[in-house]
Amino acid sequence: MKNFQNSFKVSGYVGFSEVKAFPNASVCRFSISVSKYDKETSERTSAFMSAESWKPNAESDQFQTLAKGNLVTLEGFFKPEEWTDKDGQKQSKIVLVATKFYPIEDK
């Protein structure tokens, strides 16, 4: 069996973002708009993905990069989340956990 790693690298625009501080670390939960352009059909397909990044409180000022409208590149791993909603239905989603993020220039 091949050994593979759960990882991603994606670029897109930040949607909403919110920062929550805890005693030892802070988390920024945000959305990122990703899209794909098909040259043959001239169609663009876009989607908003849920993402989060954790930093020690001393480094939480880096979250300014994740402000709404900024074009960024994220690197990290996928994290599955499951919960039961108020109607008792099981729900799930995949969250992008960004271990690295940095701005890129909008062309």
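What counts as what
- Residues numbered from 1 in each chain as written.
- Predicted model: local features only at pLDDT ≥ 70, side-chain atom pairs only at ≥ 80, totals over all residues.
- Heavy atoms only, no water.
- Phe/Tyr/Trp six-rings, centres within 6.5 Å; stacked < 30°, edge-to-face > 60°.
- Helix = DSSP H or I, 4+ residues; strand = E, 2+ residues; numbered from the N terminus.
- Buried < 20%, exposed > 50% of the residue type's maximum accessible area, 1.4 Å probe, protein only.
- Pairing = 2+ DSSP bridges.

Trainee: In this structure, what is going on with the packing of aromatic side chains? I would like to understand it.
Mentor: Aromatic ring pairs are described here by two measures, namely the spacing of the ring centres and the angle between the planes. Here the structure, examined in full by the defined rule, presents three aromatic pairs. Each ring, one from Phe22 and one from Trp54, has its centre 5.8 Å from the other, and the planes form 25 degrees; the classification is stacked. Highlighted residues: Phe22 in the loop between strand S1 (8-21) and strand S2 (25-38) and Trp54 in strand S3 (residues 43-56), separated in sequence by 32 residues. Among the residues examined, Trp54 registers a relative accessible area of 41% and is labelled partly exposed.

Trainee: Would you mind showing me how to read the pairing of S3 here?
Mentor: Every regular strand shows the same layout, with side chains that alternate between the two sheet faces. Sheet topology places S2 next to S3; 14 bridges connect them, and they run antiparallel. Each bridged residue has a counterpart across the sheet, and for Phe30 the counterpart in S3 is Ala51. Count of turn residues in the S2/S3 antiparallel hairpin: four residues, of which Ser42 carries a positive phi of about 60 degrees. When S3 meets strand S5 (residues 90-103), the two strands line up parallel, connected through two bridges. Each bridged residue has a counterpart across the sheet, and for Glu52 the counterpart in S5 is Val97.

Trainee: Where do I start with unusual backbone geometry in this structure?
Mentor: Peptide bonds are, in most cases, trans, and in most cases residues other than glycine have a negative phi. Residue Ser42 is not a glycine yet carries a positive backbone phi of 60 degrees. Along the polypeptide, Ser42 turns up in the loop between S2 and S3.

Function cannot be read off these values alone, since they describe shape.
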